[in-house]
Amino acid sequence: MGLFLLDYGAGNVQSLANTLKRLGCDFRWIAAPEDFDEATSLIFPGVGAFQTAVEGLTARGFLEPLRAYIASGRPYFGICIGMQVLFQSSAEGSIAGLGIIPSAIDSFDNADKSVPHMGWNSVEFLDPDHQSNEGIYENTHYYFVHSYRASYDPEHNPDAAQWVHTVTQYGQEVFVATVRKGNVFGCQFHPEKSGEAGLKLLEAWLRKPESERAHAPPTLRITRPPRPKDGFTKRIVACMDVRANDVEDLVVTKGDQYDVREKSSTALTVSAAGAVRNLGKPVALAARYFAEGADELALLNITAFRHSPLHDQPMLAVVRAAATMVFVPLTIGGGIRDTVDPDGTPRSALEVAGAYFRAGADKVSIGSEAVHAVERMRANGGRAEGTSAIETIAHAYGRQAVVVSIDPKRVYVSAEYDGPRRGELVYGREGGVEAERGKAWWYQCTVSGGREARDLSAVELAQGVETLGAGEILLNSIDRDGTGLGFDLDLILLVRQSVRIPVVASSGAGNAEHFVEVFKCTGVEAALAAGIFHRKEVAIQEVKTALMEAGVNVRST
Ligand code: 1PR
């Protein structure tokens with residue numbers, strides 16, 4: 001008897017488990033079909049792809065017991081895919097859903113916006129007089145991450161519309177944010193990743209007597225035409241580059257143009273010069289950034305290219321510990337590729353990613369292996385092989401779980417340059433950084449933390465990984481990293497304009513104004529910084545205040 005969680009074997013269910021533990025809630029996992037009989041409340045934290053989820057449920061013999069559980073009238077709470085499976089079908093596959101809500105899930109239109117819809121957005125009640133006590137509030141932001149959505153269309157589909165409790169607008173599309181009827185509650189966003197707002201929502205559902213959870217009233221069907229502007233916010237990401245220092249202790253480090261060792265100076269002892277810079281412990285810093293209002297965190301294992309990440313238990317332990325304290329999305333990067341353990345056991349990139357997801361990561365970030373995959377696709381005449389890390393992970397977990405981290409470096413050329421990259425040349429702008437004026441360059445991709453340059457431009461890589469199925473680009477700049485000169489706006493604009501997936505601008509932030517500049521000039525969805533946050537030179541809240549004053553929509557905490 002009691003609360004059960006449903007895991008079909010692919011999603012990151014750990015985040016929800018961590019949230020429930022934080023709320024002091026006891027629960028058990030559905031491990032066998034018979035367990036459904038014991039459940040008096042059920043949460044399905046579905047993360048991943050619709051088809052994989054339904055196949056996973058079927059393979060474990062869970063699909064029919066789930067249908068019977070919901071039909072029995074006991075309380076059900078579905079999150080993301082856990083809500084989408086209630087519908088008849090999804091464009092994200094050819095398999096049928098449970099068909100409880102008489103409508104289909106379709107893909108977002110990316111003509112006017114980046115897809116996936118990844119970030120914090122507001123929700124709106126359809127019936128202002130009957131706002132529920134479900135712990136959801138207007139003028140509050142919740143974390144969404146999905147490429148497919150149920151549109152809200154009361155005119156053409158009134159039967160489906162009576163399930164709809166709140167809606168959200170992204171671009172000019174109005175879609176279902178939460179459903180509620182009888183014993184069923186579902187949300188498209190992730191309460192377990194929506195900071196304090198998400199904790200409140202889960203707490204409200206969990207604290208209700210089970211009898212009340214099972215009797216939600218239907219909602220009025222009111223039309224909600226799109227407004228000129230949506231409630232989507234720009235994200236501020238705090239990034240921690242993690243590596244072992246010289247005494248094999250995992251620390252957060254920070255380089256200048258990717259060099260993370262202390263330079264010799266009179267202020268340093270002889271032994272400190274040349275040591276790996278130590279800016280703190282990763283778990284403690286992650287907890288600090290969550291408390292300070294970061295919208296998202298990234299932990300990059302920057303020396304993972306040297307060894308097998310599945311043997312890197314300390315890094316997995318860091319992710320596990322951070323995930324128990326951080327209730328916003330967590331991206332883990334470094335070493336996501338096919339590897340071979342020291343004992344000769346081959347490990348696929350999918351296995352490596354799976355280990356990180358189970359430890360509590362929400363997205364994995366692929367660096368070097370993404371470059372190699374695009375190179376192979378190019379050598380193959382533009383045909384994807386189907387077995388690359390990006391493709392296999394996106395297939396199992398959905399493209400929104402796959403970030404590609406690009407490490408480009410400028411290649412300066414003469415003004416008369418007429419080589420193959422002439423279409424991508426950038427010229428130092430008047431009013432820009434003084435040393436760059438009058439120069440011309442293109443952006444070359446690197447692997448192994450900038451150690452090796454490849455014959456691929458940043459634009460080619462960005463477009464290639466989008467084709468392979470990446471859901472987001474984390475765009476670094478080796479030239480700007482750690483300099484505090486501001487983001488490389490030329491690079492960011494070039495990449496932003498060449499893909500339709502979200503782009504996170506990274507490297508070079510030196511003050512709050514740099515964030516205003518990057519959002520206003522390039523239209524990126526998120527901006528990341530490391531050094532200024534680690535050294536407490538600029539607070540995350542200071543960045544958000546500057547953005548709000550400049551009219552950029554951000555999440556307030
Ligand atoms: O190739 O899949 O194993 O992934 C390795 C990952 O580690 C990649 O994401 C790569 O960017 C990262 N990485 C490797 N070496 C370094 C290094 O610094 N020596 N760090 C490194 C990348 C860049 C950002 C940094 C921003 C903002 N660091 O993470 O946080 O530049 O810094 P700033 O605000 O201080 O300017 P794989």
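Scroll up a little and you will see the structure.
Bear in mind that the values here come from a model prediction, so they are computed numbers and not experimental data.

## A closer look at the packing of helix α1 (residues 14–22) against helix α7 (residues 195–207)
Link 1 in the chain: The N-to-C vectors of α1 and α7 enclose an angle of 70 degrees; their axes lie 11 Å apart at closest approach. As summarised for this structure, α1 and α7 are arranged roughly perpendicular, according to the angle between their axes. In this structure, α1 uses Leu 16, Thr 19, Leu 20 and Arg 22 to contact α7, whose residues at the interface are Glu 196, Leu 199, Leu 202 and Leu 206.
Link 2 in the chain: Looking at the contact of α1 with α7, its residues break down into 5 nonpolar, 1 polar and 2 charged.

## Things to note about helix α9 (residues 282–291)
Link 1 in the chain: Every buried residue of α9 is listed here: Pro 282, Val 283, Leu 285, Ala 286, Tyr 289 and Phe 290. What you see down the axis of α9 is that its buried residues fit within an arc of 165 degrees, all on one side. Residues of α9 that are exposed and point over 90 degrees away from its buried face: Ala 284 and Ala 291.
Link 2 in the chain: Once α9 ends, the next one or two residues include Gly 293, with phi positive near 100 degrees.

## Quick notes on the packing of helix α15 (residues 489–496) against helix α16 (residues 512–522)
Think of two packed helices as two axes; the pair is described by the angle between the axes and how far apart they sit.
Link 1 in the chain: The N-to-C vectors of α15 and α16 enclose an angle of 35 degrees; their axes lie 10 Å apart at closest approach. Crossing of α15 against α16: the hand is right-handed. Contacts from Leu 489, Ile 492, Leu 493 and Arg 496 of α15 reach α16 at Glu 517, Val 518, Cys 521 and Thr 522.
Link 2 in the chain: In the contact of α15 with α16, the residues fall into 5 nonpolar, 1 polar and 2 charged.

## Here we look at the sheet that holds strand β10 (residues 148–149)
Link 1 in the chain: Pairing in this open sheet of 3 strands is mixed, and the strands run β5-β6-β10 from one edge to the other. Bordering the open sheet on either side are β5 (87–90) and β10, each of which pairs with just one other strand.

## Observations regarding empty space enclosed by the protein
Leftover empty space is mapped by rolling, across the atoms, a probe with the size of a water molecule.
Link 1 in the chain: In total, this model carries 2 cavities of 30 Å³ or more according to the counting rule given.
Link 2 in the chain: Around the largest cavity sit Asn 12, Val 47, Tyr 143, Val 145, His 190, Glu 192, Lys 193, Pro 329, Asp 362, Lys 363, Gln 400 and Ala 401, which together line it.
Link 3 in the chain: In terms of residue class, the lining of the largest cavity is built from 5 nonpolar, 3 polar and 4 charged.
Link 4 in the chain: Each of two domains, domain 1 (3–213) and domain 2 (235–407 + 446–549), supplies a minimum of three residues to the lining of the largest cavity.

Basis of the calculations
- Residues numbered from 1 in each chain as written.
- Predicted model: local features only at pLDDT ≥ 70, side-chain atom pairs only at ≥ 80, totals over all residues.
- Heavy atoms only, no water.
- Axes fitted to C-alpha atoms, helices over the stretch in contact; angles between N-to-C directions.
- Helix = DSSP H or I, 4+ residues; strand = E, 2+ residues; numbered from the N terminus.
- Parallel < 35°, antiparallel > 145°, perpendicular 65-115°, else oblique.
- Contact = heavy atoms within 4.5 Å.
- Nonpolar A, V, L, I, M, F, W, Y, C, P; charged D, E, K, R; others polar.
- Buried < 20%, exposed > 50% of the residue type's maximum accessible area, 1.4 Å probe, protein only.
- Arc of directions from axis to C-beta.
- Left-handed = near helix turned anticlockwise from the far one by under 90°.
- Pairing = 2+ DSSP bridges.
- 1 Å grid on protein atoms, 1.4 Å probe; cavity = no way out; pocket = protein on both sides within 12 Å on 5 of 7 lines; lining within 4 Å.
- Points joined across faces, edges and corners; volume = space filled by probe spheres on them.
- Domains from an automatic or database assignment.

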